[in-house]
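Here is how the chains run, residue by residue.
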Amino acid sequence: MKSGQEQFPSAARLKSILPLWPLLPAAFYLITFLFVVLSYLLYLSFSTASGAFPTLATAGNVFAMNEFRQAFVSTLLFVIVGTPLELVAGLALAMLIYKPFFLRSIVRTLFIIPLAVPGLVTATLLFIIFDSNGGFMNHILMGKYWFFPHVIRHAVDWRGAQWSALSVAMIGKIWRDVPISMLILLGGINAIDPELFDAAKTMGAGLRQRFRYVILPLIIPAISSVLLLRSIEMWKEFIFPYILAGRYHLLGTLIEFLYMEWGGKYEHEAAFVALVLVGCIVVSVAVFMFLVDIVRRMVSDVR
Amino acid sequence: MGKLDRFTPTSPLKRLVWTIGIVATAFMVMAPVYLLVKYSISDMESINTGGLPVPLWPYHPTFAVFSYLFTDPEFWQVVLNSLWIAIGTVLLSSLLGVPAAYVLARYKVPFRRAILIGIISVRLFPDISSVIPISVFFISLNLYSSFSGVILAHTLLALPYVIFIGMSAFEGIPRDIEEQAMTMGANQFQIFFRILLPIAIPGLAAAAIYTFLLSWDEFIFAHFLLDPGGKIQTLTLYLRSRITFQPPQNLLAAISVCLSLPVIIFSFAVQKYMISGMTAGSVK
């Protein structure tokens, strides 16, 4: 039997833990949903409509689907092309407003406006602008306005072909989300010690050199964050391809298509594709971390 | 030399390039918003131009589509539905999130870092991947196509934001106040309700507005959890249902304006918190 003195620390520990109870309802809520999501996702993915469990039949069905292979490749390209574009656009915006100028705060607020526009609204607007029949973009490119040269002869059915439809979806995604990249990079640039700029300038470094040798190396953590966070968002993308790319699926829209079409006949396949999507994100994050680690080691070796 | 002019273009040519960059970017950002408004007040002649260029400003600007929308009972019904769902989400996520934020901000919590990573990872999980398990689970609980089902799902999305924004609101309050109250004999409830909560209200209000907006324009969960032909439809589903092969562009734009106006207005009211929430932990 333990003595009273030995029991005292656990009583004190209990007393210190007791005030933490307000954390429990939220923790319970999140853990319950996490458990539901993971367990159902795994169960549905490895079972069939006839009740067989565990089975790889659903996985086999999915891997045999042409739609899945196409969606996987399209999503991969969406991530590989879209993420760097968003980084470059965000960096350009950050560099533009890093400098102090008259009405800077208003311009900064202006640049953040896309974030406030709901994704569905942006997608709807692009649906209107890129309409093949009387859409604004076709009229511009056909040289119907004084301010733009004649680029195409006939109206393009933007949503009617895979790559143009997905490109329009990517434009929408980048337009809406680029302020997030801008803000992260702006934070990185603002964190640079101003003395470094002075030193570089004193040593005769021009604008381009200061960008290349001072700013760029020092905002690598911010760049890594943008690449990581935005690539995850690109993998997850649903609304833009759903509205703009119709039958040209990414993994996200394929999940919706399999689940909603044909009266839930492909519910298990939809769940498996959802699981694959999670797997893709986990693997890409792991690969990214590995690459970042290599880059960091290379940088420290050079130093 | 001031900090801010250390990377500024100094020569006139560079200044010109920079000014063009600012103007061009502002144009690219604002042009879609302008077009949205323009389409929403366009008359049919400005939309069906018969091969002529779509006018940059409507020939006969009109609020006819808005009048049509505002006299359509279905429109008001979906607005009310979206409102109820958003208000319900705000209440539930605040009820769960604010106490959690208080504890995480003010107490020494074991495994705090792991808990915070766990909370934020909920948002990194794709909505489209979690929506099927949740739909199947809710169908089994008879929560499919109900207000409560969507509110519960939206709360799951909003809770991490409420906790993180709430934490920063509580962390900003000096600890001396709490210690003085404890010295004077106040208990945990009194300290929370009478002292900390009133001071943290501006930050918590921002979290509430952010949650409201998140629910107001949410599409994926509403799409999966509400019966397409059922009585409960949200404004986002209403807009989606109007996107057909050849939809009336002015109607789509008008619904879009109604959907985004509150979001744009309130987003700027809580801009500071939104930015800190979205970029939290992203810059080392």
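Source: prediction; values computed, not measured.

1. Brief notes about the overall build of chain A
Line of reasoning, step 1. The helix and strand inventory of chain A stands at 14 helices and 0 strands.
Line of reasoning, step 2. Taken from N to C terminus, the helices and strands of chain A fall in the order α-α-α-α-α-α-α-α-α-α-α-α-α-α.
Line of reasoning, step 3. Its C-alpha atoms give chain A a radius of gyration of 26 Å, clearly above 19 Å, the size a compact globule of 303 residues would have.
Line of reasoning, step 4. Along the three orthogonal principal directions, the C-alpha set of chain A runs to about 90 × 65 × 40 Å.
Line of reasoning, step 5. Buried positions account for 50% of the 303 residues belonging to chain A.

2. What to know about the domain arrangement of chain A
Residues and elements named next belong to chain A.
Line of reasoning, step 1. Assigned domains within chain A: domain 1 (19–55) and domain 2 (68–302).
Line of reasoning, step 2. One C-alpha centre belongs to domain 1, the other to domain 2; they are set 31 Å apart.
Line of reasoning, step 3. Counting residues at the interface gives 8 residues for domain 1 and 7 residues for domain 2.
Line of reasoning, step 4. Regarding the contact of domain 1 and domain 2, the summed buried area is about 630 Å², with carbon and sulfur atoms giving 76% of it.
Line of reasoning, step 5. Of all residues in domain 1, Leu41, Leu44 and Ser45 bury the most surface against domain 2, accounting for 68% of the area lost on that side.
Line of reasoning, step 6. Here domain 1 is connected to domain 2 by 0 salt bridges.
Line of reasoning, step 7. The tally of links between domain 1 and domain 2 comes to 3 residue pairs in polar contact (both at pLDDT 80 or more).

3. Focus on the packing of aromatic side chains
Line of reasoning, step 1. Scanning all chains against the criterion turns up 34 aromatic pairs over all chains.
Line of reasoning, step 2. Here the aromatic cluster, defined as three or more aromatic residues joined through ring pairs, consists of A:Trp21, B:Tyr102, B:Tyr107, B:Phe170, B:Phe189, B:Phe192 and B:Phe193.
Line of reasoning, step 3. Positioned above the aromatic ring of A:Phe127 is the side chain of A:Arg159, whose terminal nitrogen or guanidinium carbon lies 3.7 Å from the ring centre.
Line of reasoning, step 4. Looking at B:Lys38, its charged tip hangs above the ring of B:Tyr39, at a distance of 4.4 Å from the centre.

4. Considerations on the interface of chain A and chain B
Line of reasoning, step 1. With 91 residues of chain A at the contact, the number on the chain B side is 96 residues.
Line of reasoning, step 2. At the boundary of chain A with chain B, total buried surface from both sides reaches about 8,500 Å², with 77% on carbon and sulfur atoms.
Line of reasoning, step 3. At the junction of chain A with chain B, the criterion picks out 0 salt bridges.
Line of reasoning, step 4. Across the contact surface, chain A and chain B share 12 residue pairs in polar contact (both at pLDDT 80 or more).
Line of reasoning, step 5. Ranked by the residues each element gives to the side of chain A that touches chain B, the list is headed by helix H2 (residues 23–45) of chain A, at 12 residues.
Line of reasoning, step 6. Within the side of chain A that touches chain B, the residues separate by chemical class into 68 nonpolar, 10 polar and 13 charged.

5. A short note on the nonpolar core
Line of reasoning, step 1. Counting 193 residues, the largest nonpolar core has A:Leu185, A:Ile219, A:Ile243, A:Leu244, B:Ile132, B:Phe170 and B:Leu235 as its most contacted members.
Line of reasoning, step 2. The greatest single-element share of this core, amounting to 15 residues, is contributed by helix H8 (residues 162–190) of chain A.
Line of reasoning, step 3. Those residues in contact with B:Leu235 that lie beyond four places of it in its chain are B:Phe75, B:Val78, B:Val79, B:Ser82, B:Trp216, B:Ile255, B:Cys258 and B:Leu259.

6. Quick look at the domain arrangement of chain B
Residue and element names in this part refer to chain B.
Line of reasoning, step 1. One can read the domain layout of chain B as domain 1 (3–64) and domain 2 (72–278).
Line of reasoning, step 2. For domain 1 versus domain 2, the separation of C-alpha centres amounts to 32 Å.
Line of reasoning, step 3. Each side of the interface is counted separately: domain 1 has 6 residues, and domain 2 has 7 residues.
Line of reasoning, step 4. Summing both sides of the interface, domain 1 and domain 2 together bury roughly 580 Å²; the carbon and sulfur share of this comes to 72%.
Line of reasoning, step 5. The largest share of the area that domain 1 buries against domain 2 comes from Leu36, Tyr39 and Ser40, three residues that together contribute 63% of it.

7. Structural notes on a nonpolar patch on the surface
Line of reasoning, step 1. Judged by side-chain polarity, A:Val73, A:Leu76, A:Leu77, A:Ile80, A:Val81, A:Leu85 and A:Trp163 come together as a nonpolar surface patch covering roughly 600 Å² of accessible area.
Line of reasoning, step 2. Here A:Leu85 shows up in helix H4 (residues 66–98).

8. A look at the pattern of salt bridges
Residue and element names in this part refer to chain A.
Line of reasoning, step 1. Taken as a whole and assessed by the stated rule, the structure comprises 11 salt bridges over all chains.
Line of reasoning, step 2. A salt bridge links Arg176 to Asp177; the shortest N-O distance between them is 3.5 Å. For the pair shown, Arg176 and Asp177 are each scored as buried.
Line of reasoning, step 3. Close ionic contact of Glu233 with Lys236 constitutes a salt bridge, the shortest N to O distance being 3.3 Å. Here Glu233 and its partner Lys236 are both found in helix H11 (residues 220–236), 3 residues apart, which amounts to about one turn of the helix.
Line of reasoning, step 4. Each of Glu86, Lys173, Arg176, Asp177, Arg230 and Glu237 takes part in a single network of salt bridges with overlapping partners.

Rules used throughout
Counting starts from 1 at the beginning of each chain's written sequence and moves along it residue by residue. Chain labels run from A onward and ligand labels from 1 onward, assigned in the order the entries are written. Only residues with pLDDT of 70 or above have their local features reported here, since the model is predicted, and side-chain atom pairs are shown and tallied only from 80 upward, although totals for entire chains, interfaces and linings are computed over all residues. Side-chain metrics rest on all non-hydrogen atoms present in the structure, leaving aside hydrogens and water. Starting at the N terminus, helices and strands are each numbered in turn, a helix being any DSSP run of H or I of at least four residues and a strand any DSSP run of E of at least two. When we talk radius of gyration, it's over C-alpha atoms, and the globule rule is simply 2.2 Å times the number of residues to the 0.38. Note on exposure labels: buried denotes an accessible area under 20% of the residue type's maximum, exposed denotes more than 50%, and partly exposed covers the range between, all computed with a 1.4 Å probe on protein chains only. For the purposes of this description, domain bounds are those given by an automatic or database domain assignment. Contacts are residue-level and defined by heavy atoms, with any inter-residue pair within 4.5 Å sufficient. When two components associate, each loses some accessible surface as probed by a 1.4 Å sphere; the sum of these losses over both components is called the buried area. Criterion for a salt bridge: a side-chain nitrogen of Lys or Arg within 4 Å of a carboxyl oxygen of Asp or Glu. Under this definition, polar contacts are N or O atom pairs within 3.5 Å; protein pairs additionally need one hydrogen-donor-capable and one acceptor-capable atom, and for neighbouring residues in sequence, both atoms have to be side-chain atoms. What counts as a ring pair is set by centres within 6.5 Å for rings of Phe, Tyr and Trp (its six-membered ring), and what kind of pair is set by the plane angle: stacked under 30 degrees, edge-to-face over 60, tilted for all other angles. Sitting over a ring, as applied to charges here, requires NZ of Lys or CZ of Arg to be within 6 Å of the ring centre and within 35 degrees of the ring normal. Gly is put with the polar residues, along with every residue not named as nonpolar or charged; the nonpolar set is Ala, Val, Leu, Ile, Met, Phe, Trp, Tyr, Cys and Pro, and the charged set is Asp, Glu, Lys and Arg. As used in this record, nonpolar core signifies buried Ala, Val, Leu, Ile, Met, Phe, Trp, Tyr and Cys residues forming a set joined through side-chain atoms within 4.5 Å. Residues enter patches when they are more than 30% accessible in relative terms and free of salt bridges; like-charged ones are connected within 9 Å and nonpolar ones (Val, Leu, Ile, Met, Phe, Trp, Tyr) within 5 Å. Note on areas: Shrake-Rupley with a 1.4 Å probe; residue coverage comes only from the protein chains shown.

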